[in-house]
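# Analysis of the macromolecular model
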Amino acid sequence: MVVAASTDKGSATREMILDRAYLLASRKGVEGLSIGELAAAAKMSKSGVFAHFGSREELQLAVLEYGAQRFGERVFVPALRAKRGLPRLRAIVYGWFDWVRENRYGCLLMGAVNEYDARPGPQRDRVVALMELWRTECARAVSLAIETRELRADTDARQFAFEVFGISLALHQDTRLFDPKQARTQAERAFERLIAAHSR
């Protein structure tokens, strides 16, 4: 019982550290994570934070996973309750659009794409794997809409997912640079036009 309680406490501490790290990385980027600043934010010693991850690289990888988990819980999991086909596809995409609006400093994962796109290493490998996973899930939702005959049979699900990514990237950027409401309206129009082009 003592061991279990200790383990639970350790897990809770790690989760708390990751939450603080996620907030810091959302503002400064994953590369901008500092053990010292994180320790201050978590009200812990540097050695205490270090003990939970072992290295700055392991901390960065854990934060990327944590960001992906939060994204999935906010965007993908709720969308699974929607009916298969276009309702589910719309739930995924509009949930993604909501995610962009709700994260005032931007999406940690989208930021990590810019940080690591030209920097080989474990962090880049993990970012690539997470992006590939999300594109695959998006393409799967498109395939379901093809199966339900709400999208044409000749629709290329991977190409459709690629274009959804393009819309979301534009929304992510324009939300921070220009009028967020206008950016959201334009993103919705672009997405609905994409659906219409494959529904005829």
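Structure shown above.
Not measured: the values here are computed from a predicted model.

### So, the packing of aromatic side chains
A full pass over the atoms with the stated rule returns nine aromatic pairs. The interplanar angle of 85° and the centroid separation of 5.6 Å between the aromatic rings of Tyr94 and Phe97 together place this pair among those described as edge-to-face. Here the residue Tyr94 and the residue Phe97 both occupy positions in helix 5 (residues 86-102), the gap between them amounting to three residues, near one helical turn. Look at Tyr94 and you get buried, because its relative accessible area is 19%. Residue class for Phe97 comes out buried when judged on its relative accessible area of 1%. Residues Trp96 and Phe165 carry aromatic rings whose centres are separated by 4.9 Å and whose planes lie at 75° to one another, so their mutual orientation is edge-to-face. In this pair, Trp96 sits in helix 5 while Phe165 sits in helix 8 (residues 157-177), placing the two residues 69 residues apart along the sequence. Like Phe165, Trp96 is buried.

### Brief notes about the layout of surface pockets
What the largest pocket holds in volume is close to 280 Å³. Residue lining of the largest pocket: 18 residues in total, with Ala68, Phe71, Leu130, Leu133 and Trp134 positioned closest to the centre. Where the lining of the largest pocket is concerned, the elements lending two or more residues are helix 4 (56-79), helix 6 (108-116) and helix 7 (122-147). Among the elements that take part in the lining of the largest pocket, helix 4 stands out by supplying eight residues, more than any other. The class makeup of the residues in the lining of the largest pocket is 13 nonpolar, two polar and three charged. The calculated volume of the second largest pocket comes to roughly 150 Å³.

Procedures and definitions
- Residues numbered from 1 in each chain as written.
- Predicted model: local features only at pLDDT ≥ 70, side-chain atom pairs only at ≥ 80, totals over all residues.
- Heavy atoms only, no water.
- Phe/Tyr/Trp six-rings, centres within 6.5 Å; stacked < 30°, edge-to-face > 60°.
- Helix = DSSP H or I, 4+ residues; strand = E, 2+ residues; numbered from the N terminus.
- Buried < 20%, exposed > 50% of the residue type's maximum accessible area, 1.4 Å probe, protein only.
- 1 Å grid on protein atoms, 1.4 Å probe; cavity = no way out; pocket = protein on both sides within 12 Å on 5 of 7 lines; lining within 4 Å.
- Points joined across faces, edges and corners; volume = space filled by probe spheres on them.
- Nonpolar A, V, L, I, M, F, W, Y, C, P; charged D, E, K, R; others polar.

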